[in-house]
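Structural features, examined
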Amino acid sequence: MILSSIVSKGKLILFRLRFQGARLQLRYNQFIQLIIELLVQRWLLNGDSLLNYINKTQPYLRQEKQALLDRCSGRKVIYFTFRTLHFLDWFAPIDLALERCFPEKYEVFYIDFSTTLHRIGKGFEYLRFCRLVEERLLQLNISPLRHFSHEVLAEFSSFPEAAVHVTCESIRQETFSVPERIYLPHYALPKAIDLELPKNIRFNRVFLPTHPPYSYGQLNGSAALGGGRQFQENIRIHHVGYPKLHAASSPVNCFPDSDHPVVLYAPSLELSLLFDALGRGLLEIFNKMSHCNFVIKLHPSLASRRHYVTAFMRQELKGAEHIHFDELSGIQNLAGESSLLITDFGSMGGEYRLGFSKRVVFLKTPAEYEGGADLQFRDDFADAVCEVEDLENAIEAVLKKGVLSDSELQNMRQQVLSFSAAADDEAARTINEICSAS
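This report concerns the structure included in the present document. Keep in mind the model is a prediction, meaning the values are calculated, not measured. (Residues numbered from 1 in each chain as written. Predicted model: local features only at pLDDT ≥ 70, side-chain atom pairs only at ≥ 80, totals over all residues. Heavy atoms only, no water.)

What follows deals with the packing of aromatic side chains. For the coordinates displayed, the defined rule picks out 24 aromatic pairs. Ring centres of Phe148 and Phe156 lie 5.2 Å apart, and the angle between their planes is 90 degrees; on these two criteria the pair is classed as edge-to-face. This pair shows no difference in class: Phe148 is buried, exactly as Phe156 is. Arranged with centres 5.2 Å apart and planes meeting at 90 degrees, the rings of Phe148 and Phe159 form a pair that is edge-to-face. Residue Phe148 is located in strand 3 (residues 147-149), and its partner Phe159 is located in the loop between strand 3 and strand 4 (164-167); the two are separated by 11 residues in the primary sequence. (Phe/Tyr/Trp six-rings, centres within 6.5 Å; stacked < 30°, edge-to-face > 60°. Buried < 20%, exposed > 50% of the residue type's maximum accessible area, 1.4 Å probe, protein only. Helix = DSSP H or I, 4+ residues; strand = E, 2+ residues; numbered from the N terminus.)

This part covers helix 12 (residues 391-399). Owing to its 3.6 residues per turn, the α-helix brings residues three or four apart onto one side. The set of residues buried in helix 12 consists of Leu391, Ala394, Ile395 and Val398. All buried residues of helix 12 project into a common sector of 100 degrees when viewed along the axis, lining one side. Against strand 9 (262-265), helix 7 (282-288), strand 10 (293-296), strand 12 (340-343), strand 13 (359-363) and strand 14 (384-386) lie the buried residues of helix 12. (Arc of directions from axis to C-beta. Contact = heavy atoms within 4.5 Å.)

Here we have 6 strands laid out as an open sheet, ordered 11-10-9-12-13-14, and parallel in their pairing. Both outer strands of the open sheet, strand 11 (323-325) and strand 14, are each paired with one neighbouring strand and no more. With strand direction ignored, the average angle separating the axes of adjacent strands in the sheet is 20 degrees. Pairing between strand 12 and strand 13: 4 bridges, direction parallel. (Pairing = 2+ DSSP bridges. Axes fitted to C-alpha atoms, helices over the stretch in contact; angles between N-to-C directions.)

This part is about the pairing of strand 8 (residues 235-239). Most of strand 8 sits inside the fold, with 4 of its 5 residues counted as buried. The pairing of strand 6 (residues 205-208) with strand 8 spans 4 bridges and is classified as parallel. Within strand 8, the residue paired with Leu208 across the bridge is His239.

Moving on: a nonpolar patch on the surface. A cluster of nonpolar side chains, contributed by Leu34, Ile35, Leu38, Leu39 and Trp43, occupies part of the molecular surface with about 500 Å² of accessible area. Of note, Leu38 is situated in helix 1 (residues 2-44). (Patch = residues over 30% accessible without salt bridge, like charges linked within 9 Å, V, L, I, M, F, W, Y side chains within 5 Å. Areas by Shrake-Rupley, 256 points an atom, 1.4 Å probe, with all protein chains shown as cover. Salt bridge = Lys/Arg side-chain N within 4 Å of Asp/Glu carboxyl O.)

Now for the packing of helix 10 (residues 348-356) against helix 13 (residues 406-416). Helix 13 packs onto helix 10 with a crossing angle of 130 degrees between their chain directions and a minimal axis gap of 9 Å. Classed by the angle they form, the pair helix 10 and helix 13 counts as oblique. Judged by the twist between their axes, the crossing of helix 10 over helix 13 is left-handed. When helix 10 is examined against helix 13, the residues Arg353, Leu354 and Gly355 are found in contact with a partner set consisting of Leu409, Met412, Arg413 and Val416. Class assignment for the residues of the contact of helix 10 with helix 13 results in 4 nonpolar, 1 polar and 2 charged. (Parallel < 35°, antiparallel > 145°, perpendicular 65-115°, else oblique. Left-handed = near helix turned anticlockwise from the far one by under 90°. Nonpolar A, V, L, I, M, F, W, Y, C, P; charged D, E, K, R; others polar.)

Going residue by residue along strand 9, you find Val262 and Leu264 tucked away on one face and Val263 and Tyr265 tucked away on the opposite face as well. Pairing of strand 9 with strand 12, which is carried by 3 bridges, proceeds in the parallel orientation. Each residue of the ladder has a partner; that of Leu264, found in strand 12, is Leu341.

Further remarks concern the pattern of salt bridges. Applying the stated rule across the entire model yields 25 salt bridges. Salt-bridge contacts for Glu125 lead to Arg128; the nearest nitrogen and oxygen are separated by 2.7 Å. Of this pair, Glu125 and Arg128 are both found in helix 5 (residues 124-139), 3 residues apart, which corresponds to roughly one turn of the helix. Here Asp379 ties to Arg378 by a salt bridge, and the two come within 2.9 Å at their closest N and O atoms. With a relative accessible area of 8%, Arg378 lands in the buried category.

Following this line, the structure appears as structure tokens:
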């Protein structure tokens, strides 16, 4: 027993050393890129930023965007602000529903504050970010002309003022003066640390996705309020369900020549839990189960760190053809090919089961993560809850269950979601009511 413990601790130390090596390599690469950007800015761009230089070299694009702004007269304008790519999937379904239900009545602009993030900045990384944003908007059938960086708004004459502002996150640099501000939660199920509505976001309305006990604990005595009724002070609650479930998807087939079941692994953003799972043999289990295909999908909020995490995991699984890493696709793009999801805590398990009628295996988490709506959902609807060491048996057992029946899916949605029908249309109708009343 003592020898086994010593060997286990030795493996964990070696694991962390290998990980730190991959991390240092990435940091070195980022430092070299920064030096190159500074040299380009000083010697080739005469001190101008790369972002400003690119904008100046695209006069036709600026002209097209200005023409779009000039056509806004007589229409209600909506701003959606964001910093990272994945937030598009929360709002885009509402945008499309507005155009479908109220054609030519609204103009929506996607304004990013991504240059305020240290890991993106105003250099090459931001140009890559813009490319990904425009690719995703095109997939959603939304014109990329509607996308603006907050850095360049002043360069356009008479940028229209918004009647409604929607956001999923706190953006300290955002200072727009908008009368109606909607908080659109970027998760269906709040975690233990999210028992109250966020205090670092300015809003007077909330699009609430779920019923208690699957919502904010703060609302348990008041969440029955609906139809825009006041919750406290000037905050109004709107039960619109979870519009992201209706986001357009472009199915991704990671294993086109295989008929093996596909298992998604989508852990939370908590690095300590990820490291613990890796240290306890998670990758060895995936590697061993060659009769299944695995897709590793890290949380988007790890974007500033996921590259070295992914690099390390790739190194550990080198040559494992039945394991695929996906850094860019949304969960809705990967769900169609998959048979089940493995996660730990957070909203992903609920989103996958509610949205795609498929099974979820939850890894056990320490006691400090208990108490939120996410793990209440786990307790009520999980198909299995296990330790890492028991994961192989749990996967085998859950795969045999197949997908949820229609009645199971509908009953779960009615219990959990604040509006179980077309949430994108309901959100669009609610925005129209807000605008009509102002």
